Amino acid sequence: MSTVTLIKKLWPFVQKYRQSLIGAFILTGVGALLAQVTPLVMEYTVNTVQEILDKKNQTQEQIAWIVGGLVMVLFAKEIVNLLVQLGQKFLSDRLRFRLAADLHNYSIKRMVSYHLSFFALSQNQIGKLEKRIDKGIESLTKTVKNLFVDIVPMFANALLALALMYKKNIWVGVCATLIMPLYALISREQSKRQKLIRRNIQQFREEKANTLFNLIESIFVVKSFVREEYETGRQWKLTQQLSDSEVKHHRTNYLFDGLKSIAEQLGVVMVFVVTIYFVLNQQMTIGAILLHLMLFNNVSAPVRHLHRIYDEYSEALTYAEGFFDMIENNSYLENSQSKTINPRHPVHKSFAGTFEMKAVDFVYPNGKQALKGVNLHLEAGKTTALVGLSGAGKSSAMNLLAGFYSPTRGEILLDGKPLTGYDPHWIRRNVGLVMQKNHIFSGTIEENIRYGKLEATPDEIVAAAKQASLHEQILQMPNGYQTEAKALSGGQQQRIAIARLFLKNPPIIFLDEPTASLDAITAEQIKDSIDAIKKNRTVLIISHSISQIMDADQIYVMQEGEIIGKGSHETLYAAGGLYREIIDSNARTLNIGRLAATVLG
Ligand SMILES: Nc1ncnc2c1ncn2[C@@H]1O[C@H](COP(=O)(O)OP(=O)(O)OP(=O)(O)O)[C@@H](O)[C@H]1O
């Protein structure tokens, strides 16, 4: 990423802090002027002392005045300088922290508006994203701070000092300028070599953060398979690769720092020799030696720090690239605002809820084709079931109907209109989802149920918990509804998701194995509650349980991403094939003959 691109991208975030920017620039100008005071005062001092020594007729009173005056000027300059620096630091810090907050908020806002396929990409795994956002914001805000505290003040100071050197003597000015191209050349070469190393470091850091996240997330499996050593070994390997790259990075820096130091000393010697020449030829006063060396120090200060500035800046550019790539990824934006039918459109008030998939193909970002030419019809107000072996594509079809992914080919219609024309937020507001794996947030049971309807009253929450057959168990918990939800069992967590659904009370219901981790009695209770809520709603259910499949008005059988049969339970069973195999093996697993004999007596 080039500097111009970076400025263009940052400007929308920075422009509302224009006043701080202008203030910082004014202070920078004042600071640059003040920095030249000391060399000029020193020149005057040396020349005056020389004069006193030459004339040998100055009174003690005159000497006291000169010394006192010098002390006053230098002291006053330091006070003003201190205030200027404080102002610069305050303004730049304020800008930095505000900017960090804005960038963070914006990146979160963008990220949550991306399609699920964005999160399915391997480079967007949780730890990697976290690192990219963190490092991106950190280095961008550091660059802004450096700009006002380091870069602009130092360069303003250097330019003014250089102008003064030229004004004093053109040859001295030329000497001071000569080292610049040499320095720039060395810095450019250094940056070229460091670029690749820095990219590697960024990737290793993201990888390391991600592996750590995964490790903590999978600690149960790690321990149960006694894989502690294997996991620490994986971490060690990554850390080793990262530290190798960092060592290489610093080694290259040391080498180039040495070269730059030689270039700077060359400049000092040249300025010194030229000034001495003019002093000996009596074309300059002796104070000029001190003046020129101090001015050259002002000129070379930014140059001396150039590598650090350059280093931090190049690092910022690398991270900024990753950060802006992530937050500007429009191809993954769900873009609810741009839809032809938005939440305020009257069509939504009278929608029926008929879904249709027409010749839908779907390929995941990793290249796995999950759906092939799928034709599916969910009749409004009826229950449709998807049946098939594991990996057949049932959940993928459901995710597409809920608008989480877009078909690779074919189209999906809702009430005869393309799903792509609807605001995905609106669709999901009208669809209640209970998935195989339901996420429980850190927080209380009440907070977790409330997620289904944020404005729900406590009574509504209790009613939803009752419908989900969870209320009694919650009351037995140490803090009732205020108990930490993560402490719940798998089945209880699933019922939290079901309670959310009841609270949301949506016209369309998608259920993916809603009773998968429940005991038989709870599963029956939930089935009854779901049966009650199902009436007159459009329902899509994925289940391996015979009872839930049989009740459906229409059943679709899926195999390897394709629909291979549809109809009622009776017609599909009579037709034989996969459906019959699934039902028969379900019955065998249940040992239905013996079960019937026991239950029916
Ligand atoms: N996020 C993903 N990225 C890549 N491939 C995926 C992803 N999710 C699912 N798949 C693949 O798509 C295929 C269909 O998966 P899907 O989850 O839709 O099957 P399913 O019929 O619901 O299976 P199950 O009954 O086990 O839940 C599988 O081969 C699976 O590996």
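Here the structure is a predicted model, which means the values were calculated and not measured.

Visitor: Talk me through helix 2 (residues 18–35); I want residue IDs and the actual numbers.
Guide: An ideal rise of 1.5 Å per residue puts 26 Å on 18 residues; helix 2 measures up with 26 Å between its terminal C-alpha atoms. All of the buried residues in helix 2 are Ser20, Leu21, Ala24, Thr28, Gly31, Ala32, Leu34 and Ala35. The arc that holds the buried residues of helix 2, viewed along the axis, is 155 degrees, so those residues lie on one side. Residues of helix 2 that are exposed and point over 90 degrees away from its buried face: Gln19, Ile26 and Leu33.

Visitor: So what about the environment of Pro478? Which residues, and what values?
Guide: Take Pro478: it is sitting in the loop between helix 15 (471–475) and helix 16 (490–504). Assessed through its relative accessible area of 73%, Pro478 is described here as exposed.

Visitor: Before we move on, can you summarise the nonpolar core with the specific residues and values?
Guide: With 43 residues, the main nonpolar core has Ile445, Ile449, Leu511, Ile555 and Tyr579 as its most contacted residues. For this core, the element with the highest residue contribution is helix 16, accounting for 7 residues. Counting 32 residues, the second largest nonpolar core, distinct from the first, contains Leu378, Ala397, Ala402 and Phe510.

Visitor: Would you mind going over the pattern of salt bridges in detail, with residue names and values included?
Guide: Overall, the coordinates contain 17 salt bridges when judged by the stated rule. In this structure, Glu446 and Arg450 form a salt bridge, with 2.6 Å as the shortest nitrogen-oxygen distance. Of this pair, Glu446 and Arg450 both sit in helix 13 (residues 445–450), 4 residues apart, which is roughly one turn of the helix. For the pair formed by Glu446 and Arg450, the shared burial category is buried. As a salt-bridge pair, Arg580 and Asp584 come within 3.9 Å of each other at their nearest N and O atoms. You can see Arg580 and its partner Asp584 sitting in helix 20 (residues 577–590), 4 residues apart, about one turn around the helix.

Visitor: Let's hear about the site of the ligand: which residues, and what values?
Guide: Around the ligand sit 14 residues, and of these Ser390, Gly391, Ser395, Ser396 and Gln436 come closest. The contact in question runs from an oxygen atom of the ligand to an N or O atom on the side chain of Ser390, over 2.6 Å. The backbone of Gly391 places a nitrogen or oxygen atom 2.8 Å from an oxygen atom of the ligand. For the ligand, the protein covers 70% of the area, taking 630 Å² as the surface of the free molecule.

Visitor: Please set out the packing of aromatic side chains residue by residue, giving values where relevant.
Guide: Overall, the coordinates contain 12 aromatic pairs when judged by the stated rule. Judged by centre distance (5.3 Å) and plane angle (70 degrees), the ring pair of Phe13 and Tyr106 falls under edge-to-face. Highlighted residues: Phe13 in helix 1 (residues 3–14) and Tyr106 in helix 4 (residues 60–112), separated in sequence by 93 residues. Look at Tyr106 and you get partly exposed, because its relative accessible area is 30%.

Visitor: Can you explain the pairing of strand 2 (residues 369–378)? Please cite residues and give values.
Guide: Here strand 1 (residues 355–363) pairs with strand 2 via 6 bridges, running antiparallel. By the bridge assignment for strand 2, Glu356 is matched with His377. In textbook terms, the turn of a hairpin is the stretch between consecutive antiparallel strands, and for strand 1 and strand 2 this stretch comprises 5 residues, one of which, Gly367, has a positive phi near 100 degrees.

Visitor: Which residues make up the domain arrangement of the protein chain, and what are the values?
Guide: How big an interface is tends to be stated in terms of the accessible area lost upon association of its parts. In terms of domains, the protein chain is made up of domain 1 (3–332) and domain 2 (338–600). Just the C-alpha atoms count here: the centres of domain 1 and domain 2 sit 56 Å apart. Opposite the 5 residues of domain 1 that make contact, domain 2 presents 5 residues. Each partner contributes to the roughly 470 Å² buried at the junction of domain 1 and domain 2, and carbon and sulfur atoms together form 71% of this total. Along the contact surface separating domain 1 from domain 2 lie 0 salt bridges.

Visitor: So what's going on with the packing of helix 7 (residues 170–217) against helix 9 (residues 228–280)? Which residues, and what values?
Guide: Angle between the axes and distance between the axes: these two values describe a pair of packed helices. Two elements in contact, helix 7 and helix 9, have axes whose closest approach is 9 Å; the angle formed by their N-to-C orientations is 170 degrees. The pairing of helix 7 with helix 9 is recorded here as roughly antiparallel in orientation. Its residues placed into classes, the contact of helix 7 with helix 9 shows 24 nonpolar, 15 polar and 13 charged.

Visitor: Report on the sheet that holds strand 5 (residues 417–418), specifying residues and quantitative values.
Guide: As summarised here, the arrangement of the 4 strands in space is 2-1-4-5, forming an open sheet in which the pairing is antiparallel. Of all strands in the sheet, those bounded by a partner on one side alone are strand 2 and strand 5. Sheet topology note: the strand 1/strand 4 (residues 409–414) ladder contains 5 bridges and is antiparallel. Note on strand 4: the bridge partner recorded for Lys358 is Glu411.

Visitor: So what's going on with the sheet that holds strand 3 (residues 383–388)? Which residues, and what values?
Guide: Judged by pairing direction, the sheet is mixed, and its 6 strands sit side by side in the order 6-7-8-3-9-10 without closing on themselves. Of all the strands in the sheet, the pair left with one neighbour each is strand 6 (431–434) and strand 10 (562–567). In this sheet, neighbouring strand axes are inclined to one another by 15 degrees on average, regardless of whether the strands run parallel or antiparallel. As defined by bridge partners, strand 3 adjoins strand 8 (residues 538–542) across 4 bridges and the pair is classed as parallel. By the bridge assignment, Thr383 is partnered in strand 8 with Val539. Lying on the sheet, helix 20 is in contact with strand 3, strand 9 (554–559) and strand 10; it crosses strand 9 at an angle near 100 degrees.

About the criteria used
- For every chain, the first residue of the written sequence is number 1, and numbering continues from 1 onward in sequence order.
- Residues qualify for local features only when their pLDDT is at least 70, as the model is predicted, and side-chain atom pairs are given and counted only at 80 or more; totals for whole chains, interfaces and linings, by contrast, use all residues.
- Side-chain metrics in this entry use all non-hydrogen atoms of the structure; hydrogen atoms and water are not considered.
- Here a helix means four or more residues in a row that DSSP labels H or I, a strand means two or more in a row labelled E, and each is numbered from the N terminus.
- In this analysis, the expected span of each helix is defined as 1.5 Å times one less than the number of residues it contains.
- Relative accessibility thresholds used throughout: buried, under 20% of the residue-type maximum; exposed, over 50%; partly exposed, between the two (1.4 Å probe, protein chains only).
- Comment: arc refers to directions from the helix axis out to C-beta atoms.
- Residue types Ala, Val, Leu, Ile, Met, Phe, Trp, Tyr and Cys, when buried and joined through side-chain atoms within 4.5 Å, form a set referred to as a nonpolar core.
- The salt bridge criterion pairs a side-chain nitrogen of Lys or Arg with a carboxyl oxygen of Asp or Glu, the two atoms within 4 Å.
- The cutoff for a nearby residue is simple: one of its non-hydrogen atoms must lie within 4 Å of the molecule or strand.
- Here a polar contact is taken to be a pair of N or O atoms separated by no more than 3.5 Å, where protein atoms must pair a possible hydrogen donor with a possible acceptor and residues adjacent in sequence count only if both atoms sit in side chains.
- Accessible surface area values rest on a Shrake-Rupley calculation with a 1.4 Å probe, where residue burial reflects the displayed protein chains alone.
- Pairing of aromatic side chains here covers Phe, Tyr and the six-membered ring of Trp, requires ring centres within 6.5 Å, and sorts the geometry by plane angle: under 30 degrees stacked, over 60 edge-to-face, intermediate tilted.
- One bridge is not enough; two strands pair if DSSP finds at least two bridges between them.
- These domain boundaries are the output of an automatic or database domain assignment.
- Contacts are residue-level and defined by heavy atoms, with any inter-residue pair within 4.5 Å sufficient.
- Accessible area that two parts lose when put together, with a 1.4 Å probe and added across both, is what the buried area reports.
- Inter-axis angles, ranging from 0 to 180 degrees, are taken between N-to-C directions of lines fitted to C-alpha atoms, where helices are fitted over the stretch in contact.
- When describing relative orientation, an angle under 35 degrees is termed roughly parallel and one over 145 degrees roughly antiparallel, while 65 to 115 degrees is termed roughly perpendicular and anything else oblique.
- Here the term charged refers only to Asp, Glu, Lys and Arg, the term nonpolar to Ala, Val, Leu, Ile, Met, Phe, Trp, Tyr, Cys and Pro, and the term polar to all other amino acids, Gly among them.

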